[in-house]
Amino acid sequence: MPSYAAPTRDIQFVLQDLLRLGESPLPGHADLDADFTAQVLEEAGRLATEVLAPLNAAGDRQGCRLENGTVRTPDGFREAYRAVCDGGWIGLDCDPDYGGQGMPYVMNCAVGEMFVSANMAFNMYQGLSHGAISAIHAHGSDAQKATYLPKMVAGSWSGTMNLTEPHCGTDLGLIRTKAEPQEDGSYAITGQKIWISAGEHDLTENIIHLVLAKIPGGPEGVKGISLFIVPKFLVGEDGSLGDRNGVTCGGLEEKMGIHGNATCVMHYDGATGFLIGEMHKGMRAMFTMMNEARLGVGLQGLAQGSVAYQNAAAFAKDRLQGRDVTGAKNPDGPADPIIVHPDVRRGLMMQKSFVEGGRALALWGATLIDAAHAGDEDAEALISLLTPVIKGFLTDKGFETAVLAQQTLGGAGFTRDWGLEQFVRDARITMVYEGTNGVQSLDLVARKLPAQGGKAMMAFFEMVKAFCRENPGDDMAAFTGPLKSASKDLQAAGMFFLQSGTKDPNAALSGSYDFLHLFGHAALGLMWARMAKVSLEKLAAGEGDPAFWQAKLATGRFYMARQLPATALHLARITSGAEPVMALEADAF
């Protein structure tokens, strides 16, 4: 059976030594000193390890079942959900006015990684609620916030996001769900939504659906979309639950992974809904939390890679097979552990260097969201640029890392008992939902890169240049040299898009996926360079455990030498233009 140990030491390193949260001027960050964050991480890690992780494999095997319109979650999920609610984890970063703890978003992400690694399918129930809470908090009326948020923050009610319909996913302008105005100011919502995570379940007494629909007579396309609150049970003025609303689960999707989470087909049959935000401005309301949601999915990919790596490393240290070519390392045994073999070590280093670098990138991105919430326009521009990179790169590489971990186990990795095949299956969806990674790359190149005349992209380049300029020492050369090269490749790709994109848009779009990965590698290169600087400073000062800093430096050097050079390959693909991609006519496929 697979195991999970919460990586609290490394998360604490990122929060305190790298990001220096306690020294940050951002609201709430000064309260996040080392002792406080250590306590939070320790308690969250205990919950993840002792409560959530033991339910992961069993939940995957049992799955959800639909009985008389009610979805039954796997055994143990209800008790685990109550433990999460009792600990206040759902409202960790929510507004204290509605029962939240008011911590910065970065702490939600730090805790979220552990919960997702332990049990991704389970964590999605409260994860979807967090997105709905954010939307209502940002766009709901005072009455709506007072009615829904306290129960949702406490976890007694949950929330969902209803976007996709059978005939449209990314192109939401094609949705057909209608919202007919009623005399009492409410709307009658009619239509079908699919792939609704946590759309129906038995964990909470009410489910608050946020539904995109069109009011008749409105503008065509996305400009005519509005957002509605549609509760499973109608709520009285005193907050009590009333009649069942006209919303039902019509079926459960049979999925490749995340079996413990209910992915529902939802039917709205004249259901009572309440407009949230402005009429015909539903997309604006929905996109309020999009940076958070997509960063959260990137974190899911990272988290599955992290738990898969843990199990691969443990297996490699224990599995005996063959002998070290330089001399036996286990002379009293029949063979050496497979971790002595260079190719096994290569795979493990690829996993480890991605997980630790990706963790730093995700948590740095979370601090940028905190800064954006505080009104920092530059931070908002930068995280808007980085969001498709974090979502796309961390999920692609998270899946790849889970596959590498599975490969480490050989034949055992292909069997259910060892658990690696579940991590692979669960990681796969992260590359698809919240916008496929192909869509993320198009968003990056077509919208985010040229925004404000490329201001955010230039800010990233200056960040890299400034770091390299300020850290010229020989000890840092193994990091700053490759980082400079990666940054130059990224600039060259951007220049290619600028020069050819207006003449041949397909030239830019054909290279968009490679640009996302090029950018992702450069971003992780910057993270590793920053982590190396901290590690060298700690070693020089004699602080902490020298073995931790030495391991961090060795892992970083591997990334810079063996992973970061991939930027040259991505640049070569980008500059080949559209012709190799678009040469065949559609009929030739």
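Residues numbered from 1 in each chain as written. Predicted model: local features only at pLDDT ≥ 70, side-chain atom pairs only at ≥ 80, totals over all residues. Heavy atoms only, no water.

A. Highlighting the environment of H139. Within the secondary structure, H139 is located in helix 6 (residues 120-139). Residue classification places H139 among the partly exposed positions, given a relative accessible area of 23%. It is 12 Å that separates the C-alpha atoms of H139 and S226, two residues lying 87 residues apart in sequence. Among residues more than four places away in sequence, those in contact with H139 are I276, G277, R284, A285 and T288. (Helix = DSSP H or I, 4+ residues; strand = E, 2+ residues; numbered from the N terminus. Buried < 20%, exposed > 50% of the residue type's maximum accessible area, 1.4 Å probe, protein only. Contact = heavy atoms within 4.5 Å.)

B. A look at the nonpolar core. Within the largest apolar cluster, 182 residues are counted, with the highest numbers of intra-cluster contacts made by F460, F515 and F519. The greatest single-element share of this core, amounting to 14 residues, is contributed by helix 17 (residues 512-541). (Core = buried A, V, L, I, M, F, W, Y, C linked by side-chain atoms within 4.5 Å.)

C. Highlighting the environment of V40. Tracing the chain through its elements places V40 in helix 2 (residues 34-52). Once the C-alpha coordinates of V40 and M350 are considered, the two residues, 310 residues apart in sequence, prove to be 29 Å apart. In contact with V40, other than residues within four places in its own chain, are W89, M103, M107 and V111.

D. Inspection of helix 15 (residues 477-500) at higher detail. In this model helix 15 runs 34 Å from its N-terminal to its C-terminal C-alpha over 24 residues, within 8% of the 34 Å that 1.5 Å per residue would give. Considered for burial, the residues of helix 15 that qualify are F479, T480, L483, A486, S487, D489, L490, A493, F496, F497 and S500. Tucked inside the fold, the buried residues of helix 15 contact helix 13 (437-448), helix 14 (455-470), helix 16 (505-510), helix 17, helix 18 (546-563) and helix 19 (566-575). (Expected span 1.5 Å × (residues − 1).)

E. Broad picture of the packing of helix 4 (residues 77-86) against helix 6. It is the contact of helix 4 with helix 6, at a shortest axis distance of 11 Å, that shows an interaxial angle of 50 degrees. If you check the angle between helix 4 and helix 6, you find them oblique. As for how helix 4 packs across helix 6, the hand of that crossing is right-handed. Counting all contacts with helix 4, which are made through F77, A80, Y81 and V84, the residues of helix 6 involved are F122, Y125 and Q126. The residue inventory of the contact of helix 4 with helix 6, partitioned by class, reads six nonpolar, one polar and no charged. (Axes fitted to C-alpha atoms, helices over the stretch in contact; angles between N-to-C directions. Parallel < 35°, antiparallel > 145°, perpendicular 65-115°, else oblique. Left-handed = near helix turned anticlockwise from the far one by under 90°. Nonpolar A, V, L, I, M, F, W, Y, C, P; charged D, E, K, R; others polar.)

F. Structural context of the pattern of salt bridges. For the structure on display, the rule yields 29 salt bridges. Among the ionic pairs, D86 bridges to R82, the shortest N-O distance being 3.7 Å. With a gap of four residues between them, D86 and R82 both fall in helix 4, about one helical turn apart. On the accessibility criterion, D86 (57% relative accessible area) is exposed. Among the residues examined, R82 registers a relative accessible area of 38% and is labelled partly exposed. Between E421 and R425 there is a salt bridge, and its shortest N-O distance comes to 2.7 Å. On the criterion of helical spacing, the pair formed by E421 and R425 is a turn pair, its members being four residues apart in helix 12 (residues 420-428). Accessibility classification places E421 together with R425 in one group, the buried group. A network of salt bridges, in which partner residues are shared, links D10, E113, K352, E356, R359 and K552. (Salt bridge = Lys/Arg side-chain N within 4 Å of Asp/Glu carboxyl O.)

G. Just the packing of aromatic side chains, in detail. Counted by the stated rule, this structure contains 13 aromatic pairs. On the numbers, 5.8 Å between centres and 80 degrees between planes, the contact of W89 with F115 is edge-to-face. Linking W89 in the loop between helix 4 and helix 5 (105-118) with F115 in helix 5, this pair joins segments that are 26 residues apart in sequence. You'll find W89 and F115 in the same group, each marked buried. With centroids separated by 6.3 Å and ring planes inclined at 55 degrees, the aromatic side chains of Y148 and W157 adopt a geometry described as tilted. For the residue pair Y148 and W157, the accessibility class agrees, reading buried in each case. Through a chain of ring-to-ring contacts, three or more aromatic side chains come together here, namely F460, F496, F497, F515 and F519. Above the face of the F233 ring, R244 is positioned so that its terminal group lies 5.7 Å from the ring centre. Looking at R428, its charged tip hangs above the ring of F399, at a distance of 5.7 Å from the centre. (Phe/Tyr/Trp six-rings, centres within 6.5 Å; stacked < 30°, edge-to-face > 60°. Lys NZ or Arg CZ within 6 Å of the ring centre and 35° of its normal.)

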